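Results of the structural survey
Chain by chain, the residues:
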Amino acid sequence: MRPLPLLLPAVLLGSLAAGEPQEFRTLNGLRVLLEPRHERPLVRLELRTAWEARELPGGKECAGELMGAILERCGAGGLNRFALERSLGDRGLKLTFKGRRGSLAWTMLADSQDQEEAFQFLAHAVFRPALAEGVSAIQREAKRDALSEAAFRAALGFPMEGVTSCELDLPELLALHGRLVRPERSVLVIQGDLNLAQARQLVSLHLGTWAPAPVAPAVGDNAPVSAPECLRVPGGAALVLAGSAAPEGNARTRAVHVLLGLILERTFQDFAGESVALEAPRLEGDAGPLLFRVLPSVSGNAERHLKERLQRLVAQGFGAPELARAKAQWRAERSALALHPEEQIFVRSRGALLGDPADFLGEIQLEEVNEALRIRLSPKNLRWFVRGVSF
Amino acid sequence: MSLVLVGDLSLEAIQPVLQESFGTLGIQNEGWGRREDRSIELAEAPGFRRLQASMGGEPCVFLAWHIPSVNHPDFPALRVLAQALGGSKGARLNRRLQEERRFAHTLSVRLGVPGGRDPSLFLIEAKPAEGHGLVELEEAIHSEILRIQREQLSEEDLRRALRQVETEFLMVQEDARSLAKAIGGALAQSGDWRKAFWTRSREGDLTRDQLQAVARKYLVPGQGIVALLEADPLLAPKDPLEEKLGKILTVLVERKVDDPAQAESIVRETLRQLRMLSLLEREQTLKLLEAQAGS
């Protein structure tokens with residue numbers, strides 16, 4: 001048995017490091033960032049558009065996630081979903097879509113010889129979606145169950161898992177699509193075997209005709225509506241969850257919450273006798289929701305147990321070594337980003353629209369993290385899901 | 001053991017680290033499992049085998065055939081054949097059975113299952129669409145395979161599959177993680193890391209004749225394995241209607257058959273057959289059976 005280190009020829013791998021992108025803007029206001037990479041004949045495109053909860057009808061945050069779920073299920077450009085997937089497959093194009101809290105993103109990966117078709121299909125998906133088909137699909141698939149764990153998670157900002165408490169009809173969704181998906185509030189990141197002149201030409205040809213729909217007036221009171229403070233569900237297996245929604249705010253604020261999530265993850269991993277589990281996903285490299293779950297090993301009043309555990313956590317706060325370790329972990333993850341172009345492009349596009357929290361990594365102080373902990377775990381911001389436990 | 005490193009590294013710089021990390025591993029003379037000792041050819045076919053099992057979850061049919069290891073000269077043609085048959089929405093089986101005849105809800109084709117170092121399986125996995133049964137879907141897949149063996153794939157099917165295979169190979173290179181995995185996989189399975197990359201001479205020049213030849217050689221009906229998996233209609237009825245049908249059939253069959261095990265077997269098989277009918281047809285059948293039981 002002999003270790004065989006296998007290093008690929010440099011010509012095959014090329015440089016994985018990314019330089020500063022070139023930037024231009026189209027007449028309809030679309031911002032375009034180009035990172036030319038000619039090592040491989042591939043082109044990756046990501047078009048991202050951002051939204052805020054106050055723009056949604058009646059302030060329903062779930063409407064943004066519902067729009068994401070519908071866009072995931074519909075065809076585009078006059079093709080139904082099956083025909084669209086078939087057309088993409090025939091050309092070897094890979095189109096993916098992510099609907100996350102605060103943004104919608106379409107990503108296309110193509111052989112560079114198919115770059116024209118890649119732009120064409122991306123344009124179809126972004127501003128010519130067959131929304132009616134998506135609405136029918138979601139009506140068939142998604143259960144409207146406001147009292148389910150999945151609906152509770154979706155309300156905190158976790159990706160929707162086929163269950164929604166949201167109800168919007170087709171005219172409302174069409175209006176919402178027109179309001180959210182607009183060139184002047186979107187960014188297109190192009191990465192790969194393409195130069196600036198080609199990029200300008202292809203963007204102008206396929207996305208230059210993207211005219212923003214007239215902005216529909218806001219419907220009713222658009223103050224954000226958050227999940228109820230406590231959902232109590234009688235019956236079923238015992239389950240106690242406490243969650244804190246993904247935070248909004250500027251890049252620096254979100255950087256504090258990314259670090260808080262990293263410290264909390266480590267805190268709940270390190271305790272061998274821990275009675276609470278934590279999910280603290282980063283959503284596309286940005287701050288995400290927190291979800292605490294009482295483990296089945298806990299006897300007695302699980303809800304009180306979790307409340308006491310969280311109060312203890314807030315009272316203790318974190319120390320400088322924990323913050324330093326979280327910063328080191330985040331730095332290490334960021335330095336490996338160049339190896340993964342798919343992750344790199346969504347960090348780039350999200351950063352271009354909303355600011356990149358990692359830019360503030362070095363500046364965050366311990367007091368800010370402990371303050372964020374107090375805010376996220378304050379009774380005002382915690383949401384509870386209690387099932388199968390006598391109330 | 002092989003170690004694949006992808007990224008901003010140089011062999012000179014990394015060698016001391018590798019030596020420190022892995023250099024202390026003892027050297028053993030390779031014994032059992034040496035690639036050189038393994039045949040790339042298929043052993044004699046064991047004949048056709050069929051399995052029907054009751055399992056939870058959605059009903060599913062698997063059709064599998066033995067194929068040689070990745071180092072066999074026929075493997076590239078089998079890879080392109082798998083892509084042409086079920087590698088995308090526009091592939092032959094997906095198009096015919098999902099889009100046109102609407103027998104299948106999902107269908108996919110994989111090869112090298114569970115791994116390509118040894119002779120392995122060419123596997124078709126499909127779930128029936130509403131109103132269609134597993135046997136019906138199995139027969140439809142067999143019928144399409146026979147058609148390909150007799151009539152060849154179209155030039156367009158071949159061109160599309162070649163393009164998709166080439167693109168897949170290319171896209172793997174983009175991400176360091178997937179590239180390392182592909183190189184490690186190729187090395188472990190074939191002994192040659194270059195097989196992680198598409199080459200014109202190996203895949204690019206394949207013809208319809210070659211694909212037809214491997215389909216005839218390996219996808220032989222008399223040498224396949226078929227597994228039909230679905231929930232037991234008596235123990236886990238798929239809907240309230242099936243539960244009612246089961247009860248009424250049990251009453252009727254027990255009037256004619258004394259042996260309870262035999263009666264249960266008849267009811268179970270009848271319920272499986274009824275699953276192929278539409279909801280309306282099953283409701284009509286229930287009415288007929290109720291009338292029969294009442295008379």
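Notes on the structure in this doc start here. All residue numbers here refer to positions counted from 1 along the written sequence of the relevant chain. To read the labels, note that chains go from A and ligands from 1, taken in the order they are written. Given that this is a predicted model, residues contribute local features only at a pLDDT of at least 70 and side-chain atom pairs are listed and counted only at 80 or more, while totals for whole chains, interfaces and linings are drawn from all residues. Based on all heavy atoms of the structure, the side-chain values leave hydrogens and waters out of the count.

Time to look at the sheet that holds strand β14 (residues 383–387) of chain A. Residues and elements named next belong to chain A. Here, any two strands with at least 2 DSSP bridges between them count as paired. Numbering of helices and strands starts at the N terminus; helices are DSSP runs of H or I of at least 4 residues and strands are runs of E of at least 2. Spatial strand order, β10-β14-β11-β13-β12: five strands in an open sheet with mixed pairing. On the outer flanks of this sheet lie β10 (230–233) and β12 (276–279), each paired with one strand and no other. Going from strand to strand, the sheet's axes swing by 15° on average, the running direction of each strand aside. Bridging between β10 and β14 involves four bridges; their strand directions are parallel. Note on β14: the bridge partner recorded for L231 is F385. Where helices are involved, their axes are fitted lines through C-alpha atoms of the stretch in contact, as for all axes, and angles between N-to-C directions lie from 0 to 180°.

This part is about the pairing of strand β3 (residues 31–36) of chain A. For a regular strand, the rule is simple: side chains alternate between the two faces of the sheet. Residue and element names in this part refer to chain A. Relative to β3, strand β2 (residues 22–25) runs antiparallel, the two sharing four bridges. The partner of Q22 across the bridge, within β3, is L34. Linkage of β2 to β3, two consecutive antiparallel strands, is achieved through a turn of five residues, within which G29 is found at a positive phi near 95°.

What follows is about the nonpolar core. Among the buried residues, those of types Ala, Val, Leu, Ile, Met, Phe, Trp, Tyr and Cys that are joined through side-chain atoms within 4.5 Å form a nonpolar core. Throughout this description, buried means an accessible area under 20% of the type-specific maximum (1.4 Å probe, protein chains only), exposed means over 50%, and partly exposed covers the range between. In terms of nonpolar packing, the biggest core is built from 49 residues, with W106, L188, I190 and L207 of chain A touching the most fellow members. Ranked by residue count, the leading element in this core is helix α4 (residues 115–127) of chain A, at eight residues. Throughout, a contact is declared for two residues whenever any of their heavy atoms are within 4.5 Å. In contact with L188 of chain A, other than residues within four places in its own chain, are L30, R31, V32, L33, L45, E46, L47, F119, L122, V203 and L207 of chain A. Judged by nonpolar contacts, the second largest core, of 42 residues, contains F103, L107, L219 and L228 of chain B.

In summary, the pairing rule links any two rings of Phe, Tyr or Trp, Trp by its six-membered ring, whose centres are within 6.5 Å, and it sorts them by plane angle into stacked for under 30 degrees, edge-to-face for over 60 and tilted for everything else. Per the counting criterion, the structure on display carries six aromatic pairs over all chains. Ring geometry for F152 of chain A versus F385 of chain A: centroids 5.4 Å apart, planes at 35°, classification tilted. Residue F152 of chain A is located in helix α6 (residues 149–156), and its partner F385 of chain A is located in strand β14; the two are separated by 233 residues in the primary sequence. The two residues F152 of chain A and F385 of chain A agree in class, both being buried. Between W193 of chain B and F197 of chain B the ring centres are 6.1 Å apart and the planes differ by 90°, which places this aromatic pair in the edge-to-face class. Here the two residues W193 of chain B and F197 of chain B agree in accessibility, since each one is buried. Lying over the aromatic face of F24 of chain A, R200 of chain A brings its terminal NZ or CZ to 4.6 Å of the ring centre. To sit over a ring, a charge needs its Lys NZ or Arg CZ within 6 Å of the ring centre and within 35 degrees of the ring normal. Stacked on the ring of W384 of chain A, the Lys or Arg K307 of chain A has its end atom at 5.2 Å from the ring centre.

Worth remembering: the numbers are spatial, not functional.
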